[in-house]
Amino acid sequence: CGAIFISFLIAVGCFYELSQLEPAARSIDLKWFTWLSTQNLSADVAFLIDPLSIVMVLVITGVGFLIHLYSTGYMNVDPAFPRFFSYLNLFCFAMLILVLANNLLLMFVGWEGVGLCSYLLIGFWYDHKPNATAGMKAFVVNRVGDFGFLLGVLILFWGMYSVGHASVTFKELAANSHLLQGLMIGSVPVVTIICLLLFFGATGKSAQIPLYVWLPDAMAGPTPVSALIHAATMVTAGVYMIGRMNFLFTMSPTALTVVAVVGAVTAFFAATIGFAQDDIKKVLAYSTVS
């Protein structure tokens, strides 16, 4: 609890410092070390602090701390108390990596870490068969979405390489993404393919149609897990990713239309299912999908 509370205080400090800067200067890169360096690709373990990421960090650490605090009482008599908190902390760590990464490869590490922790937390009481099954279902459905996400990242890198700006760093991608205009695979613009594949990854994480099926079952885990994964953090990962890649999505009206339609249909469809539920956790699950 102390670790996540200190993280929250640091996040509040960062938010204040950022708010004192000129709007144009509110984007700070912190490089830790070079992770990958080849002739065409360079990726650092580096973090990007800007208004989008710092708001997400405040949510993750602030809500995360309250959930940690609640869990101390909720899980008090559980024999696996230490294991639960190590998973909970690891989840927050992975989520922070996801939102603070300054490049797509590091973001993918956080993306996968969040998927792993959701599996561990949803199936926490694994000696009860439905819980173990729900954990596996969440893991498999997320892997399906992650395949689309990874494919989108690879095609994006290939596209940037083709136009002479091979990079996976968000700032460089934003500066040079306009060069992808006119690049086609068959008769389909490359930007549209990339955006649709990235969005497919987001439908897995954020439980949109067609990959929403894992979330209602995920209520099998302990209640604090439902709060952390469904209400606060994991389901916003897909939304965050699309916000971060907005410079690509604005180049593809087709992809924007697909995002809007899938979002609207999911909101309406899940709300109608929620009406028919008589288990309060299921009602919350479908309201989250909505």
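Not measured: the values here are computed from a predicted model.

### Considering the nonpolar core
- In this structure, L104, W214, M245 and L248 are the most contacted members of the largest nonpolar core, which totals 88 residues.
- Those residues in contact with L248 that sit more than four places away from it in its chain are L156, S177, L180, V191, I194, C195 and L198.

### What about the confidence of the model for the protein chain?
- Of the residues in the protein chain, 99% reach a pLDDT of 70 or more, and the chain-wide mean stands at 86.
- The secondary structure element of the protein chain with the lowest average pLDDT is helix α9 (residues 223-232), at 77, and the one with the highest is helix α1 (residues 2-20), at 91.

### Describing the side chain of D78
- Along the chain, the position of D78 falls in the loop between α2 (51-74) and α3 (81-100).
- One buried charged residue, D78, remains without a salt bridge, the closest side chain of opposite sign being R83 at 5.9 Å.
- Here the side chain of D78 touches W125 through a polar contact of 2.7 Å, side chain to side chain.
- With near-sequence residues (within four places) excluded, D78 lies in contact with F124 and W125.

### Some details on the packing of helix α4 (residues 104-122) against helix α5 (residues 129-162)
- Where α4 meets α5, the axes come as close as 8 Å, and the angle between the chain directions of the two elements is 170°. As the angle between them shows, α4 and α5 are arranged roughly antiparallel. Taking contact as the criterion, the partners of L104, M107, F108, W111, E112, G115, L116, Y119 and I122 in α4 are, on α5, N131, A134, G135, M136, A138, F139, R143, D146, F149, L150, V153 and L156.
- Taken together, the residues of the contact of α4 with α5 sort by class into 15 nonpolar, three polar and three charged.

Criteria and cut-off values
Residues numbered from 1 in each chain as written. Predicted model: local features only at pLDDT ≥ 70, side-chain atom pairs only at ≥ 80, totals over all residues. Heavy atoms only, no water. Core = buried A, V, L, I, M, F, W, Y, C linked by side-chain atoms within 4.5 Å. Buried < 20%, exposed > 50% of the residue type's maximum accessible area, 1.4 Å probe, protein only. Contact = heavy atoms within 4.5 Å. pLDDT = per-residue confidence, 0-100. Helix = DSSP H or I, 4+ residues; strand = E, 2+ residues; numbered from the N terminus. Lys, Arg positive; Asp, Glu negative; His and termini not counted. Salt bridge = Lys/Arg side-chain N within 4 Å of Asp/Glu carboxyl O. Polar contact = N/O pair within 3.5 Å; in protein donor to acceptor, adjacent residues only side chain to side chain. Axes fitted to C-alpha atoms, helices over the stretch in contact; angles between N-to-C directions. Parallel < 35°, antiparallel > 145°, perpendicular 65-115°, else oblique. Nonpolar A, V, L, I, M, F, W, Y, C, P; charged D, E, K, R; others polar.

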